[in-house]
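Close look at the chain arrangement
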Amino acid sequence: MDREKRLRRVALLCCHFARNCAYYLSGWNGKKTKATNEFWATVQNNFLDISILEWLKLFGDHNDKHHWKKVVDDRDSFKSAMLTSCGITEDELNSCRKSFKEYRDRFVAHLDSEETMHIPELDNSLALAKYYYTFVATELGASRLRNLPDDIESYYQKCFYASETHFGK
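Residues numbered from 1 in each chain as written. Predicted model: local features only at pLDDT ≥ 70, side-chain atom pairs only at ≥ 80, totals over all residues. Heavy atoms only, no water.

**Some remarks on the packing of helix α1 (residues 3-26) against helix α2 (residues 38-59)**
- Contact pair α1 / α2: the axes reach a minimum separation of 8 Å and the direction vectors enclose 150 degrees. Looking at the two axes, α1 sits roughly antiparallel to α2. Handedness of the crossing formed by α1 with α2: left-handed. Mapping the contact onto sequence places V10, L13, C14, H16, F17, N20, C21, Y23 and Y24 in α1 and Q44, F47, L48, I50, S51, E54, W55, K57 and L58 in α2.
- Its residues placed into classes, the contact of α1 with α2 shows twelve nonpolar, four polar and two charged. (Axes fitted to C-alpha atoms, helices over the stretch in contact; angles between N-to-C directions. Helix = DSSP H or I, 4+ residues; strand = E, 2+ residues; numbered from the N terminus. Parallel < 35°, antiparallel > 145°, perpendicular 65-115°, else oblique. Left-handed = near helix turned anticlockwise from the far one by under 90°. Contact = heavy atoms within 4.5 Å. Nonpolar A, V, L, I, M, F, W, Y, C, P; charged D, E, K, R; others polar.)

**A short note on the nonpolar core**
- With 49 residues, the main nonpolar core has W55, F59, M82, F100, L128, Y132 and Y133 as its most contacted residues.
- Within the residue set of this core, elements represented by two or more residues are α1, α2, α3 (68-71), α4 (75-86), α5 (90-108), α6 (123-140) and α8 (152-167).
- Sort the elements by how many residues they give to this core and α1 lands first, with eleven residues.
- Dropping the residues within four chain positions of it, L128 is found in contact with W55, F59, M82, C86, I88 and L93. (Core = buried A, V, L, I, M, F, W, Y, C linked by side-chain atoms within 4.5 Å. Buried < 20%, exposed > 50% of the residue type's maximum accessible area, 1.4 Å probe, protein only.)

**So, the packing of aromatic side chains**
- Evaluated as defined, the whole model comprises 14 aromatic pairs.
- Where W55 meets F100, the ring centres are 4.5 Å apart and the plane angle is 50 degrees; that geometry is what we call tilted. With W55 in helix α2 and F100 in helix α5, this residue pair connects regions lying 45 residues apart in the sequence. Pair check on accessibility: W55 and F100 agree, each one buried.
- Between Y156 and F160, the ring centres sit 6.2 Å apart and the planes meet at 40 degrees, which makes this aromatic pair tilted. (Phe/Tyr/Trp six-rings, centres within 6.5 Å; stacked < 30°, edge-to-face > 60°.)

Next comes the structure, spelled out in structure tokens:
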């Protein structure tokens, strides 16, 4: 796969994550779900599951071809800038990755014997994906983004507000 194609695929994954995360989060009013029946509860939870799966392609397995370590040339500078920009520590990044993997492995890919689901915190993961997207979009340049958004934050907000029309404000 050539560099441009790989960068575009990473950008798509970032967008898929941001969109599904926005759809999931818009379905909450504080700690109370806006889902009013089984259908909407299922839809809302599916948004979470897809978010987890997409994010792990970008930040989970270091051997995945879309993982930032496989895409970024200067890993140390990127990681340092990413953590600083997102306001998180390396321990928090590792904790985020661990909680996403545990959720995926115990409740999405398999159903382990645990009875309590621990939904990962999404704020740090969203900030990381937005940073990664911005890096990739900058490297691609506006002309090669084509149908991808120029600004991932605006895209996230657009998705969030669009979803609110279904879940309600």
